[in-house]
Amino acid sequence: MGMKTIEFFFDFSSPYSYLTATQLESLAQRTGAQVIYKPMVLAAVFKATGNTMPAVVPAKARHMMIDLARWAAEYGVPFQMSSHFPVNAIKAARLIIAAEAAGKSGALTQACFAALWVQDRDLTADSELRALATQ
């Protein structure tokens, strides 16, 4: 039997993806699994399904903010709504794909999530992405 894997499909622009990412390493350790990071474009999923992101529907947006704060508290992780939200994170996603070849996609994914959702850095800025990749 092969190595257990957790395929994590995510979009940096999703605060729920960030919250999930904070739990992945401990889950992988508990289960003996390897995390495979799979960046995707959530806006394309919304478009393909005729859906809209919750943040643009006022009632859903209010609930989402409460829900995100509750999950962050439950997980014991820092979280702040990014001033860059919604963010087009396609360049950051491409950076993760490139980092996969060097075996650095996990660390870089975690750093990018923290940059956006904890430190409120701009993932669309080339200078930020260079700094994150260099770290």
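About the cut-offs
Residues numbered from 1 in each chain as written. Predicted model: local features only at pLDDT ≥ 70, side-chain atom pairs only at ≥ 80, totals over all residues. Heavy atoms only, no water. Helix = DSSP H or I, 4+ residues; strand = E, 2+ residues; numbered from the N terminus. Contact = heavy atoms within 4.5 Å. Phe/Tyr/Trp six-rings, centres within 6.5 Å; stacked < 30°, edge-to-face > 60°. Buried < 20%, exposed > 50% of the residue type's maximum accessible area, 1.4 Å probe, protein only. Patch = residues over 30% accessible without salt bridge, like charges linked within 9 Å, V, L, I, M, F, W, Y side chains within 5 Å. Areas by Shrake-Rupley, 256 points an atom, 1.4 Å probe, with all protein chains shown as cover. Salt bridge = Lys/Arg side-chain N within 4 Å of Asp/Glu carboxyl O. Pairing = 2+ DSSP bridges. Right-handed = clockwise from strand over helix to strand, strands pointing away.

S.K.: Residue-level account of the environment of Pro-39, with values.
M.R.: Topologically, Pro-39 is positioned in strand S2 (residues 33–39). Separated by 41 residues in the primary sequence, Pro-39 and Gln-80 place their C-alpha atoms 21 Å from one another. Filtering out sequence-adjacent residues up to four positions away, Pro-39 remains in contact with Phe-10, Ala-93, Ile-96 and Ile-97.

S.K.: Which residues make up the packing of aromatic side chains, and what are the values?
M.R.: Within this structure, the stated rule accounts for twelve aromatic pairs. Ring centres of Phe-10 and Tyr-37 lie 6.4 Å apart, and the angle between their planes is 80 degrees; this geometry places the pair in the edge-to-face category. Of this pair, Phe-10 sits in strand S1 (residues 4–10) while Tyr-37 is found in strand S2, placing the two residues 27 residues apart along the sequence. Across the pair, Tyr-37 and Phe-10 agree in class, each one buried. Between Tyr-18 and Phe-113, the ring centres sit 6.3 Å apart and the planes meet at 50 degrees, which makes this aromatic pair tilted. Here Tyr-18, found in helix H1 (residues 15–31), pairs with Phe-113, found in helix H5 (residues 105–117); they are 95 residues apart in sequence, far enough to count as distant. Like Tyr-18, the residue Phe-113 is buried in the burial classification. One aromatic cluster is present, built from ring pairs that chain together Phe-8, Phe-10, Phe-12, Tyr-18, Tyr-37, Phe-79, Phe-85, Phe-113 and Trp-117.

S.K.: I'd like a rundown of unusual backbone geometry, residues and numbers included.
M.R.: Cis geometry marks the peptide bond from Phe-85 to Pro-86, where omega comes out at -5 degrees. At Asp-120, a position not held by glycine, the phi torsion is positive, near 55 degrees. As for its placement among the helices and strands, Asp-120 is situated in the loop between H5 and helix H6 (126–134).

S.K.: Can you tell me about a nonpolar patch on the surface, naming the residues and giving the values?
M.R.: Where nonpolar side chains cluster on the molecular surface, the patch consists of Tyr-16, Trp-71 and Tyr-75 and spans about 270 Å² of accessible area. Note on placement: Tyr-16 falls in helix H1. With a relative accessible area of 31%, Tyr-16 lands in the partly exposed category.

S.K.: Residue-level account of the pattern of salt bridges, with values.
M.R.: The final tally for this structure, using the stated rule, is three salt bridges. Where Glu-7 meets Lys-38, a salt bridge forms, and the shortest distance between an N and an O atom there is 3.7 Å. Of this pair, Glu-7 sits in strand S1 while Lys-38 sits in strand S2, placing them 31 residues apart in sequence. Given a relative accessible area of 47%, Glu-7 falls into the partly exposed group. Residue classification places Lys-38 among the partly exposed positions, given a relative accessible area of 29%.

S.K.: How would you sum up the pairing of S1? Please name residues and give values.
M.R.: Judged from the seven bridges that link them, S1 and S2 form a sheet pairing that is parallel. The residue bridging Phe-8 from the neighbouring strand is Tyr-37, located in S2. Handedness of the crossover joining S1 and S2 through H1 is recorded here as right-handed.

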